[in-house]
Amino acid sequence: MKYKKINEATVQCIISEEDMEEYGLTIADIFERNEKGEGFLRDVVERAHDEVGYRLKGDNIAMQITPIRDEGLVITFSDAGIAGFQNMLEHIKEVLTGIDPDTMRDAFKALSDKDTQPQHKSGIEDTCRIFIFSSLNHVMRYCAAIPSELSVKSHLYKEKDFYYLIIEKNRLSKKNFNKISAQAVEFAGLMAATEERLLYLGEHGECMIKDRAVSWLRRICR
């Protein structure tokens, strides 16, 4: 693992394929946020203190996880709240030689393949995902890439300088839900969908499109 301290509140960690193998992890473990994946992410944050002197000052931490070529990951985290995402989006470009969409698609496919297996847990992330965009143009480009035959229950919020697209599974199949989620990696960051985060956006964010945001923006782009 290679750590870089962006500022007092933000740290970036590059995870290689070898690092993943050492922990016995797959990308699917990370994005499924199962017990093994959650333990790994906690370890990444805790090791930042020894590696770069990072001290967690609050209870809430924002995290951006981006697949890179050669099956690696860039994990950027900050306890500076939503404002910390600006540093995340700016500094992640320094290490990305090119995002490999197939890597993310493989991760979501691994989740999709579990549809027929018994599920031992459930939560809001099973039916809802939040994507954070640095510009409205990126939101529109993403929506234009979603197949027109898919009806997507979605909502668009703006909070400060960022745009948040909330996508609900609703009537989508698990396969299509994961597929359009994988498409977002080229344009946005994936945030954990929690009740607290949804409430925060509802109270502090500006609701730009209350419903069918994907449909409206897709129509404008085409």
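Analysis parameters
- Residues numbered from 1 in each chain as written.
- Predicted model: local features only at pLDDT ≥ 70, side-chain atom pairs only at ≥ 80, totals over all residues.
- Heavy atoms only, no water.
- Pairing = 2+ DSSP bridges.
- Helix = DSSP H or I, 4+ residues; strand = E, 2+ residues; numbered from the N terminus.
- Axes fitted to C-alpha atoms, helices over the stretch in contact; angles between N-to-C directions.
- Salt bridge = Lys/Arg side-chain N within 4 Å of Asp/Glu carboxyl O.
- Buried < 20%, exposed > 50% of the residue type's maximum accessible area, 1.4 Å probe, protein only.
- Phe/Tyr/Trp six-rings, centres within 6.5 Å; stacked < 30°, edge-to-face > 60°.
- Contact = heavy atoms within 4.5 Å.

### Focus on the sheet that holds strand 7 (residues 162–168)
Within a beta sheet, neighbouring strands are joined by backbone hydrogen bonds and run either parallel or antiparallel to one another.
Piece 1. Across the sheet, five strands lie side by side as 8-5-7-6-9; this open sheet has antiparallel pairing. Every other strand in the sheet has two partners, leaving strand 8 (189–191) and strand 9 (206–209) as the edge strands with one partner each. Across the sheet, the mean angle separating the axes of adjacent strands is 30 degrees when strand polarity is ignored.
Piece 2. Relative to strand 8, strand 5 (residues 128–133) runs antiparallel, the two sharing three bridges.

### Side note on the pattern of salt bridges
Piece 1. The full count for this structure, using the stated rule, is three salt bridges.
Piece 2. Across the salt bridge formed by lysine 5 and glutamate 8, the nearest N and O atoms sit 3.3 Å from each other.
Piece 3. Here glutamate 8 falls in the exposed class, since its relative accessible area comes to 51%.
Piece 4. For glutamate 51, the salt bridge is made with arginine 47, and the minimal N-O distance between the two is 3.7 Å. Of this pair, glutamate 51 and arginine 47 both sit in helix 3 (residues 35–52), four residues apart, which is roughly one turn of the helix.
Piece 5. Note on arginine 47: relative accessible area 29%, which makes it partly exposed.

### Digging into the packing of aromatic side chains
Piece 1. Evaluation of the coordinates by the stated rule reveals five aromatic pairs.
Piece 2. Between tyrosine 54 and phenylalanine 77, the aromatic rings sit 5.5 Å apart at their centres with planes inclined by 75 degrees, giving edge-to-face as the arrangement. With a gap of 23 residues between them, tyrosine 54 in the loop between helix 3 and strand 3 (62–68) and phenylalanine 77 in strand 4 (residues 72–78) connect regions that are remote in the sequence.
Piece 3. Take tyrosine 54: its relative accessible area is 2%, and that puts it in the buried class.
Piece 4. Between tyrosine 142 and phenylalanine 187, the ring centres sit 6.2 Å apart and the planes meet at 50 degrees, which makes this aromatic pair tilted.

### Regarding the environment of isoleucine 167
Piece 1. Mapped onto the fold, isoleucine 167 is located in strand 7.
Piece 2. Taking the C-alpha atoms as reference points, isoleucine 167 and cysteine 128, 39 residues apart in sequence, are found 5.7 Å from one another.
Piece 3. If sequence neighbours within four positions are ignored, isoleucine 167 has contacts with Thr127, Cys128, Arg129, Phe131, Tyr142, Val152, Lys153, Ser154, Phe177 and Ile180.

### Things to note about the environment of tyrosine 164
Piece 1. Here tyrosine 164 is to be found in strand 7.
Piece 2. Tyrosine 164 gets classed as buried once you look at its relative accessible area, which sits at 1%.
Piece 3. Once the C-alpha coordinates of tyrosine 164 and isoleucine 132 are considered, the two residues, 32 residues apart in sequence, prove to be 4.7 Å apart.

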